[in-house]
Amino acid sequence: MIGRNFRAAPVQQLLSHAEHGTIRLISPIDGEDRLASTRALNEFPLSIIATTTVANALADWRAQTHFLIIAAALLAFVIAVTLFLIVRKLSQQHRQRRGET
């Protein structure tokens, strides 16, 4: 990548309109879907660009989502079992009262 001009890259175009920003793009270097943040330095003719893949940025969110889905399914199961037991107990009580009278 040494010696290549990235002036036409989306991140550089973002810097031409503002001193800083964030953009989602397909990397010209490795072809992966990435999030890039950039900031131009005021004192020097330099800009700082930091990137990460979208998959890496969303990894924690996906793990939390899987946990929440499993927790919700377990809670729904517990509620269903509890309702089943309540209905069964009420049915038994109803049958016992009918038998007594």
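Draft legend 1. Representation of the overall build of the protein chain in the model. Of the regular secondary structure elements, the protein chain holds three helices and three strands. Among the 101 residues that make up the protein chain, the fraction classed as buried is 11%. For the protein chain, the share of sequence-separated contacts (at least 6 apart) that also reach a separation of at least 24 residues comes to 15%.

Draft legend 2. Here's a closer look at the pattern of salt bridges. In the structure shown here, the tally under the stated rule is two salt bridges. Linking Arg-34 and Asp-30 is a salt bridge whose minimum nitrogen-to-oxygen distance equals 2.6 Å.

Draft legend 3. Representation of the pairing of strand β3 (residues 47-53). For strand β2 (residues 33-40) and β3, the ladder comprises seven bridges, and the chain directions are antiparallel. What sits directly across from Arg-34, in β3, is Thr-53.

Draft legend 4. Focus on the sheet that holds β3. Here three strands make up an open sheet; going across it, the order is β1-β2-β3 and the pairing antiparallel. Each end of this open sheet is capped by a strand with a single partner; those strands are β1 (20-26) and β3. Sheet twist, expressed as the average angle between the axes of neighbouring strands with direction ignored, equals 20°.

Draft legend 5. Seen up close, the side chain of Thr-38. Its location among the elements puts Thr-38 in strand β2. Polar side-chain contacts of Thr-38 include one of 3.2 Å to the backbone oxygen of Ile-48.

Draft legend 6. Region of interest: the confidence of the model for the protein chain. Mean pLDDT for the protein chain: 85, with 82% of residues reaching 70 or above. Mean pLDDT per element in the protein chain: helix α1 (residues 10-17) is the minimum at 67, and helix α3 (residues 59-100) is the maximum at 94.

Draft legend 7. View of a nonpolar patch on the surface. Taken together, the side chains of Phe-77, Val-78, Val-81, Phe-84 and Leu-85 make up a nonpolar region of the molecular surface, amounting to roughly 480 Å² of accessible area. As for its placement among the helices and strands, Leu-85 is situated in helix α3.

Draft legend 8. Up close: the side chain of Arg-34. Residue placement: Arg-34 occurs in strand β2. For Arg-34, a relative accessible area of 16% puts it in the buried group. Among the polar contacts made by the side chain of Arg-34, one reaches the side chain of Asp-30 at a distance of 2.6 Å. A polar side-chain atom of Arg-34 sits 3.4 Å from a polar atom in the side chain of Thr-51.

So, how was this worked out
Residues numbered from 1 in each chain as written. Predicted model: local features only at pLDDT ≥ 70, side-chain atom pairs only at ≥ 80, totals over all residues. Heavy atoms only, no water. Helix = DSSP H or I, 4+ residues; strand = E, 2+ residues; numbered from the N terminus. Buried < 20%, exposed > 50% of the residue type's maximum accessible area, 1.4 Å probe, protein only. Contact = heavy atoms within 4.5 Å. Salt bridge = Lys/Arg side-chain N within 4 Å of Asp/Glu carboxyl O. Pairing = 2+ DSSP bridges. Axes fitted to C-alpha atoms, helices over the stretch in contact; angles between N-to-C directions. Polar contact = N/O pair within 3.5 Å; in protein donor to acceptor, adjacent residues only side chain to side chain. pLDDT = per-residue confidence, 0-100. Patch = residues over 30% accessible without salt bridge, like charges linked within 9 Å, V, L, I, M, F, W, Y side chains within 5 Å. Areas by Shrake-Rupley, 256 points an atom, 1.4 Å probe, with all protein chains shown as cover.

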